Amino acid sequence: MNRPQRVLLLVVILAAALAESAHLFSAALEESSAELLALPADSIQGMIDQISQEDVVRQVGLLSGEWPILSLGQPYTISSRHTLSGESISRTVRYVASRMSAAGLSVQYHVWEDQNYPNVIGELVGQSNPEQIYLISAHLDSVSTRDRAPSALLAPGADDNASGTAAVLLAADVLSRYQWGCTLRFGLWTGEEQGLKGSAAYAADAADLGEQIAGVLNLDMIGYNSDDSRIIDLHARSWLTGSVEIASLMIDVVDNYNLNLQPELIIDVPLSDRSDNKSFWDNSYPAILAIEDHDDFNPYYHTSEDRLENMDIDFMTEFVKAGVAAFAHMGNCLLADGLGTVEGQVRSIADEQPLTAAAIEISDGAGLTATTSTSASGAYSSTLPAGSYTITVSANGFFPASAPGVSLAASAVAVQDFALKAQLRAYLPLLIQEQPASPLVRSPLITRRP
Ligand SMILES: [Zn+2]
């Protein structure tokens with residue numbers, strides 16, 4: 001075979017290999033998002049239905065100075081959210097924190113440079129696997145450098161990025177009405193316009209703490225659309241496991257819930273590094289950036305004219321809905337049926353005495369195991385997702401006992417008592433007293449208390 005023939009053969013082989021890997025890649029993509037979309041869609045449709053254009057407009061308007069917020073008991077108009085705007089950013093940070101805590105989240109300030117402009121982190125702690133964390137985020141700060149307006153005084157930043165901030169706050173409102181197995185975090189960053197400073201500090205701290213952030217959805221500029229395309233850009237990194245999966249999940253969410261948007265997957269381009277998702281990529285956390293169409297660029301970007309009147313409200317509302325639904329799907333940990341409580345008492349069969357510090361293990365046989373122990377009165381209690389459980393009790397000097405098939409309904413209490421038989425060495429004195437032998441008794445009592 002001469003040289004040109006050898007080269008041609010090589011090209012053919014390479015092309016075939018590339019096609020195959022692309023095919024494998026999209027197959028993996030499809031498979032993973034299909035898995036993630038296995039959740040009951042009704043609950044998620046219910047969440048989407050709680051997002052209204054009025055709520056979106058109102059929230060963006062409050063953040064960008066169209067209407068005053070209530071701050072320190074007085075009306076206050078946010079004219080700028082520039083990181084170095086002093087009182088204005090300080091009031092804004094306190095305002096979004098109060099919004100999150102009003103939704104029932106636990107809220108923390110993450111100070112990365114100055115007390116005046118910390119990041120704001122809201123959290124819904126997971127009920128069954130709290131160590132697994134999912135994060136929806138947006139930068140809170142704004143600038144208006146392009147028209148030389150004094151940013152510290154006038155930087156409404158309605159699209160950049162009151163729109164993303166509003167999505168995070170509305171997600172907190174809606175998702176806090178549900179029960180979650182994993183932990184949901186809601187992050188609002190400052191210092192983004194100064195080089196992703198707030199999120200960089202946060203992501204590095206989280207990595208130092210070894211936190212398991214399993215997915216980040218970062219929203220930045222989601223309200224401008226001047227053409228009929230309604231394109232949204234989803235930026236991901238192919239080499240970071242989980243990043244492309246989150247983007248494909250969001251594409252499927254738009255499709256599955258018939259949202260009027262045109263998602264486009266953008267992989268491994270430098271442009272993606274210009275928002276807070278990069279801080280998480282830099283710490284090897286799977287993240288994406290969801291942003292409006294770069295090719296339909298907002299002409300009011302970074303000017304004092306970046307205001308609500310220049311945004312596409314319907315497009316933005318659909319984008320907020322897509323963000324909330326994708327975030328709700330990300331962890332696959334919605335406790336669709338809510339929580340119930342398993343409780344009971346452990347006693348010695350011989351003398352009916354309560355057994356203190358007996359070890360209780362409650363397992364659903366599908367990976368969820370909760371452990372607790374009995375109190376001084378022999379009582380135990382555990383709050384768990386609705387379902388069917390096996391409860392096993394063991395105590396020093398007693399034979400262990402198990403009760404399978406204990407079914408727990410949402411907002412109900414299942415009572416499972418145990419009477420344990422003492423092991424021989426403990427039993428001897430009783431023999432002397434000629435106690436009658438009795439089989440293990442398990443109280444059949446399963447009550448539902450309203
Ligand atoms: Zn931005």
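Cut-off values and rules
- Residues numbered from 1 in each chain as written.
- Predicted model: local features only at pLDDT ≥ 70, side-chain atom pairs only at ≥ 80, totals over all residues.
- Heavy atoms only, no water.
- Helix = DSSP H or I, 4+ residues; strand = E, 2+ residues; numbered from the N terminus.
- Areas by Shrake-Rupley, 256 points an atom, 1.4 Å probe, with all protein chains shown as cover.
- Salt bridge = Lys/Arg side-chain N within 4 Å of Asp/Glu carboxyl O.
- Buried < 20%, exposed > 50% of the residue type's maximum accessible area, 1.4 Å probe, protein only.
- Axes fitted to C-alpha atoms, helices over the stretch in contact; angles between N-to-C directions.
- Parallel < 35°, antiparallel > 145°, perpendicular 65-115°, else oblique.
- Left-handed = near helix turned anticlockwise from the far one by under 90°.
- Contact = heavy atoms within 4.5 Å.
- Nonpolar A, V, L, I, M, F, W, Y, C, P; charged D, E, K, R; others polar.
- Disulfide = S-S within 2.5 Å.
- Pairing = 2+ DSSP bridges.
- Polar contact = N/O pair within 3.5 Å; in protein donor to acceptor, adjacent residues only side chain to side chain.
- Phe/Tyr/Trp six-rings, centres within 6.5 Å; stacked < 30°, edge-to-face > 60°.
- Lys NZ or Arg CZ within 6 Å of the ring centre and 35° of its normal.
- Core = buried A, V, L, I, M, F, W, Y, C linked by side-chain atoms within 4.5 Å.
- Expected span 1.5 Å × (residues − 1).

A.B. asks: Got a sec to walk through the overall build of the protein chain? Specific residues and values, please.
C.D. replies: Per the secondary structure count, the protein chain includes 10 helices and 19 strands. As displayed, the protein chain has an accessible area near 19900 Å², and 54% of this comes from carbon and sulfur atoms.

A.B. asks: Explain the pattern of salt bridges to me, using residue names and the numbers behind them.
C.D. replies: For the structure on display, the rule yields 10 salt bridges. The partner of E318 in a salt bridge is K321, and the shortest N-O contact between them spans 3.9 Å. With E318 and K321 both in helix α9 (residues 313-330) and three residues apart, this pair spans about one turn of that helix. For the pair E318 and K321, a shared accessibility class is recorded, and that class is buried.

A.B. asks: Describe the packing of helix α3 (residues 53-63) against helix α5 (residues 158-175), listing the residues and the values that go with them.
C.D. replies: Between α3 and α5, the shortest axis-to-axis distance is 9 Å and the interhelical angle comes to 125°. Judged by the angle between their axes, α3 and α5 are oblique. Crossing hand, α3 versus α5: right-handed. Of the residues in α5, those in contact with D55, V56, Q59, V60 and L63 of α3 are A158, A162, S163, T165, A166, L169 and L170. In the contact of α3 with α5, the residues fall into eight nonpolar, three polar and one charged.

A.B. asks: Got a sec to walk through the state of the cysteines? Specific residues and values, please.
C.D. replies: A covalent bond between the sulfur atoms of two cysteines is what we call a disulfide. Per the counting criterion, the structure on display carries one disulfide. Across a sulfur-sulfur distance of 1.7 Å, C182 and C333 are joined as a disulfide pair. A residue pair is termed long-range when its members are at least 10 positions apart, and C182 in strand β6 (residues 182-189) and C333 in the loop between α9 and β11 (339-348) qualify at 151 residues. Classification of C182 as buried rests on a relative accessible area of 0%. Looking at C333, the relative accessible area reads 8%, which means it is buried.

A.B. asks: Which residues make up the sheet that holds strand β13 (residues 369-373), and what are the values?
C.D. replies: Read from one edge of the open sheet, four strands run β13-β12-β15-β16, paired in antiparallel fashion. Edge positions in the open sheet fall to β13 and β16 (401-408), since each of these has one partner strand only. Between one strand axis and the next, the sheet turns by 20° as a mean value, whatever way the strands run. When strand β12 (residues 359-363) meets strand β15 (residues 387-394), the two strands line up antiparallel, connected through five bridges. Residue pairing for β15: A359 is matched across the bridge by S394.

A.B. asks: Can you lay out the side chain of S272 for me, pointing to particular residues and giving the numbers?
C.D. replies: Along the chain, S272 turns up in the loop between β9 (262-267) and α8 (277-281). The class of S272 is buried, set by a relative accessible area of 0%. At a separation of 3.0 Å, a polar atom in the side chain of S272 contacts the main-chain carbonyl oxygen of V269. When near neighbours in sequence (up to four residues on either side) are disregarded, S272 contacts H235, R237, N277, W281 and L289.

A.B. asks: Kindly report on the packing of aromatic side chains, identifying the contributing residues and their values.
C.D. replies: Using the criterion set out here, one finds eight aromatic pairs in the structure. Consider the rings of W189 and F280, whose centres lie 5.8 Å apart with planes at 40°: the pair is tilted. Of this pair, W189 sits in strand β6 while F280 sits in helix α8, and the two are 91 residues apart along the sequence. The two residues W189 and F280 agree in class, both being buried. Chaining the aromatic ring pairs together yields one cluster made of W189, Y202, F280 and Y285. The side chain of R94 reaches across the aromatic face of Y109, ending 5.2 Å from its centre.

A.B. asks: Tell me about the nonpolar core, residues and numbers included.
C.D. replies: Counting 77 residues, the largest nonpolar core has L175, F186, L217 and M250 as the members making the most contacts within it. The element best represented in this core is α9, accounting for 12 residues. L355, Y380, V393 and A403 belong to the second largest nonpolar core, which has 23 residues in total.

A.B. asks: Got a sec to walk through the environment of W189? Specific residues and values, please.
C.D. replies: The buried category is assigned to W189, whose relative accessible area is 0%. A polar contact of 3.2 Å, which involves the side chain of W189, links it to the side chain of S137.

A.B. asks: Run through the side chain of R91, naming residues and quoting values.
C.D. replies: Within the fold, R91 resides in helix α4 (residues 87-102). Here R91 falls in the buried class, since its relative accessible area comes to 17%. A polar side-chain atom of R91 sits 3.0 Å from a polar atom in the side chain of S71. When residues no more than four places from it in sequence are discounted, the contact partners of R91 are I69, S71, L72 and Y76.

A.B. asks: Go over the sheet that holds strand β3 (residues 106-110), please, and point to the residues and values.
C.D. replies: With mixed pairing, the eight strands of this open sheet are ordered in space as β3-β4-β6-β5-β7-β10-β8-β9. Edge positions in the open sheet fall to β3 and β9, since each of these has one partner strand only. Each neighbouring strand pair of the sheet contributes to a mean axis angle of 20°, computed without reference to strand direction. Strand direction decides the pairing type here: strand β5 (residues 129-139) and strand β7 (residues 212-219), joined by six bridges, are parallel. When the bridges of β7 are listed, I136 appears paired with L217.

A.B. asks: Lay out helix α7 (residues 243-256) with the relevant residues and their values.
C.D. replies: In this model, α7 (14 residues) spans 20 Å end to end at C-alpha, consistent with the 20 Å of a helix rising 1.5 Å per residue. Every buried residue of α7 is listed here: S243, V244, I246, A247, S248, L249, M250, V253 and V254. Looking at the residues trailing α7, positive phi occurs at N258, about 50°.

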